[in-house]
Amino acid sequence: MNEKRIRVVIAKPGLDGHDTGAKVVVHALKDAGMEVIYTGLHRRIEDIVKTALEEDADVIGLSIYSGAHLPLSQKLMAQLKEMNMADKLVLVGGNIPRGDIPALEEYGVDAVFSTGSRLDDVVAYIQKKCGGRK
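These numbers were taken from a predicted model, which means no experiment stands behind them.

Undergrad: I tried to follow the overall build of the chain on my own but got confused; where do I start?
TA: A tally of regular secondary structure across the chain gives five helices and five strands. Of the regular secondary structure in the chain, the N- to C-terminal order runs β-α-β-α-β-α-β-α-β-α. Here the chain has a C-alpha radius of gyration of 13 Å; the compact-globule value for 134 residues is 14 Å, and the two agree. Expressed as lengths along the three principal axes of its C-alpha atoms, the size of the chain is roughly 40 × 35 × 25 Å. Going through the 134 residues of the chain one by one, you find that 46% of them count as buried. If you sum the accessible surface of the chain, you get close to 7,200 Å²; carbon and sulfur atoms cover 49% of it. Distance from the positive charge centre (18 side chains) to the negative charge centre (19 side chains) of the chain: 2 Å.

Undergrad: Sorry if this is basic, but what is going on with the sheet that holds strand β4 (residues 89-94) here?
TA: The pairing of strands in a sheet happens through backbone hydrogen bonds and is either parallel or antiparallel. Taken in spatial order, the five strands of this open sheet run β2-β1-β3-β4-β5, and their pairing is parallel. Sheet topology places β2 (35-38) and β5 (111-114) at the edges, where each strand pairs with a single neighbour. Taken over all neighbouring pairs, the strand axes of this sheet differ in orientation by 20° on average, direction set aside. As paired strands, strand β1 (residues 7-11) and β2 are joined by four bridges and run parallel to one another. Residue V8 lies in a different strand from β2, and its bridge partner there is V36. In this fold helix α3 (residues 69-82) packs onto β3 (59-64) and β4, with an angle of close to 160° to the strand it touches most, β3.

Undergrad: Explain unusual backbone geometry here, please?
TA: Both trends apply: most residues other than glycine have a negative phi, and most peptide bonds are in trans. One non-glycine residue, D56, lies in positive phi territory at about 50°. Its identity is not glycine, yet N84 carries a phi of approximately 60°, on the positive side. Positionally, N84 belongs in the loop between α3 and β4.

Undergrad: Where do I start with helix α5 (residues 119-129) in this structure?
TA: Quick reminder: α-helices carry 3.6 residues per turn. Residues three or four places apart thus point the same way. The complete set of buried residues in α5 reads V122, V123, I126 and Q127. Considered in projection along α5, the buried side chains sweep an arc of 125° and stay on one side of the axis. More than 90 degrees from the buried face of α5, the exposed residues found are D120, K128 and K129. Buried residues along α5 sit against α1 (20-31), β3, β4 and β5.

Undergrad: So what exactly am I meant to see when it comes to helix α2 (residues 45-54) here?
TA: I45, I48, V49 and A52 are the residues of α2 that are buried. Here the buried residues of α2 occupy an arc of 95° about the axis, which is enough to place them on one side. Where α2 is buried, its residues meet β1, β3 and α3. Trailing α2 by a residue or two, D56 shows a phi angle of about 50°, which is positive.

Undergrad: So what exactly am I meant to see when it comes to the environment of I96 here?
TA: One can find I96 in the loop between β4 and α4 (101-107). Remark: the alpha-carbon pair of I96 and G17, spanning 79 residues in sequence, is separated by 16 Å. Those residues within four positions of I96 in sequence are excluded, and the remaining contacts are I64, H69, I101, L104, V112 and S114.

Basis of the calculations
Residues numbered from 1 in each chain as written. Predicted model: local features only at pLDDT ≥ 70, side-chain atom pairs only at ≥ 80, totals over all residues. Heavy atoms only, no water. Helix = DSSP H or I, 4+ residues; strand = E, 2+ residues; numbered from the N terminus. Rg over C-alpha atoms; globule rule 2.2 N^0.38 Å. Buried < 20%, exposed > 50% of the residue type's maximum accessible area, 1.4 Å probe, protein only. Areas by Shrake-Rupley, 256 points an atom, 1.4 Å probe, with all protein chains shown as cover. Lys, Arg positive; Asp, Glu negative; His and termini not counted. Charge placed at Lys NZ, Arg CZ, Asp CG, Glu CD. Pairing = 2+ DSSP bridges. Axes fitted to C-alpha atoms, helices over the stretch in contact; angles between N-to-C directions. Contact = heavy atoms within 4.5 Å. Arc of directions from axis to C-beta.

Read these as layout, nothing more, since geometry by itself doesn't imply function.
Okay, here's the thing in structure tokens:
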């Protein structure tokens, strides 16, 4: 079987300099058989969208510990819509207060995985939403 693997872009937007969590998620997704592109630190939303387009990503994951998750996520979702990429699965992880999750969902973020989320849950969610592919 030559099934297309799930392609995931993991990005650290803005001035957030803490990337340990993002790197752990990258390794977990790779171990689950997904193709993962890690953009590195301090990426602009425009660059993240461009990378997702160029890499034909199925999933975009933002890792945010800086507290700027609301404006960064809102900007990402607006740019995805503008680029006709609103069909991408968008996940936000990091230091996200529970009270902010409804706003993220309202912007169009598909799921939020706050600090302490199980890696198996992240993997299972992506696989389920991508039709069971790895």
